[in-house]
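Geometric and topological summary
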Amino acid sequence: MTASIPPPWVLRHPRRPLIALHVPLAAQAPVYTSLGTDGSPLTDPLPAILLAAVILALQLRHSLAAARGERPAGWRWSLAAILLLTYAPIWLLGLNWVSISTLTLASTLTLLRGRPRLVAAAAQVSVYVSLQLIATLGTPGFSVWQIVILELYAVVVPSLFAAALAGGARLVRLVNELEAARTELAATAVGAERIRVSRDLHDLLGQSLSAISLKGDLALRLLAKDTAAARAEIESLTGVARDALHGVRAITRDQHTVSLRTEIDGAAALLGAAGVDTRLDVADLPALPESAQSALAWAIREGTTNLLRHSKAGSCTITLSRLRGRIRLDIVNDGVRIAAGQGPQHGSGLAGVAERAAAASGSSEAGVHDGRFRLSVEVPEEVA
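Heads up: these notes are all about the structure in this document. (Residues numbered from 1 in each chain as written. Predicted model: local features only at pLDDT ≥ 70, side-chain atom pairs only at ≥ 80, totals over all residues. Heavy atoms only, no water.)

Moving on to the packing of helix α4 (residues 75-87) against helix α6 (residues 101-111). It is at 9 Å that the axes of α4 and α6 come closest, and there the two elements cross at 160°. One way to sum up the angle between α4 and α6 is to call them roughly antiparallel. The handedness of the crossing between α4 and α6 comes out as left-handed. Counting all contacts with α4, which are made through Trp75, Leu79, Ile82, Leu83, Thr86 and Tyr87, the residues of α6 involved are Ser101, Thr104, Ser107, Thr108 and Leu111. For the contact of α4 with α6, a count of residues per class yields six nonpolar, five polar and no charged. (Axes fitted to C-alpha atoms, helices over the stretch in contact; angles between N-to-C directions. Helix = DSSP H or I, 4+ residues; strand = E, 2+ residues; numbered from the N terminus. Parallel < 35°, antiparallel > 145°, perpendicular 65-115°, else oblique. Left-handed = near helix turned anticlockwise from the far one by under 90°. Contact = heavy atoms within 4.5 Å. Nonpolar A, V, L, I, M, F, W, Y, C, P; charged D, E, K, R; others polar.)

Structure follows, in structure tokens:
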């Protein structure tokens, strides 16, 4: 399994760039005000800095809540407060203070919805443009075209900055949702892998352990009568155990493959050793896609294990047939055994057979027909 690549710093800490985006936009108003860029005399920067810090804190409260997909508690009061702190001090600090309204406009875009948002945003832009026009007309030497350009600047630039702040909050929310989805997908993949390993181990070890038990019993019976035959069964038993160990290691690495022909031959040998009269009708094995062949091979393995563990069958028929582009596997035995309150031969591995058949665009069915238990699996001859 390959190691996952950690996400970039921005994706791991999406709120930090958002906060960093707010700071310079909040700092410009105290700078403009204290330097008197509109021609006014230099002033003490402390009041402007304190006011800007309060407005920045309110706006960050709004933006960080929007990044979580919500509006903060008491947002109407905090919106009213940021509007008051933006426009009331203009008469004291001068027209340069209006540059802080970029944050206020961002709060409006973040908190309001629908028509009220459009109306409030348009009103704030109008106020900004009007104050910019007053400042321009109060300064001699501007031509008409210069005034028009400054007014366009007053419309476009604050709107873009405010949209950047609101969009940044939305982007942080999307990044958080993306990370949550990424985490959920990783958890789902882990869960799916656990289910696969559990299912494959059940199907693999079910038959292997049944074979070990069967061969062990047979070897014990032969010890008193035929030592050589008992020795052969024990050697065969150790071979089954080694194969099971190899299969377990392959399953954990997702490298375990099954062969349809191998599973058919193994099922016939195992059923024969158990004393089940087995008839095979599989002479014309088609060339199947890997998913279909795997589904059928696992079905034969599980059907054999199911028969040995849940029935007292005396005969079994394994049939492969081709009909209208589909391959059908039927495993039929006469060992129907119904326990009180339970269905016949319904081991948990049949659910794995159904899952594999569905993964190969096929279907499966298991039940009693005419006093015999039938496991049927159908898969398409070609991958869709």
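The next thing to look at is the pattern of salt bridges. Following the criterion strictly, the structure yields ten salt bridges and no others. Residue Asp265 pairs with Arg261 through a salt bridge whose shortest N-O separation is 3.7 Å. A residue pair is termed a helical-turn pair when its members lie 3 or 4 positions apart in one helix, as Asp265 and Arg261 do in helix α10 (residues 260-273) at four residues. One salt bridge connects Arg374 with Asp330, and the closest N-O pair in it is separated by 3.7 Å. Linking Arg374 in strand β5 (residues 372-380) with Asp330 in strand β3 (residues 326-333), this pair joins segments that are 44 residues apart in sequence. One network of salt bridges, in which partners are shared, links Arg326, Arg328, Asp330, Arg374 and Glu378. (Salt bridge = Lys/Arg side-chain N within 4 Å of Asp/Glu carboxyl O.)

Moving on, we come to the environment of Thr43. As for its position among the elements, Thr43 is in the loop between α2 (15-35) and α3 (45-67). Its relative accessible area of 38% is what places Thr43 among the partly exposed residues. Between the C-alpha atoms of Thr43 and Thr33, which are ten residues apart in sequence, the distance is 7.4 Å. Apart from residues lying up to four places away in sequence, Thr43 is in contact with Thr33 and Ser34. (Buried < 20%, exposed > 50% of the residue type's maximum accessible area, 1.4 Å probe, protein only.)

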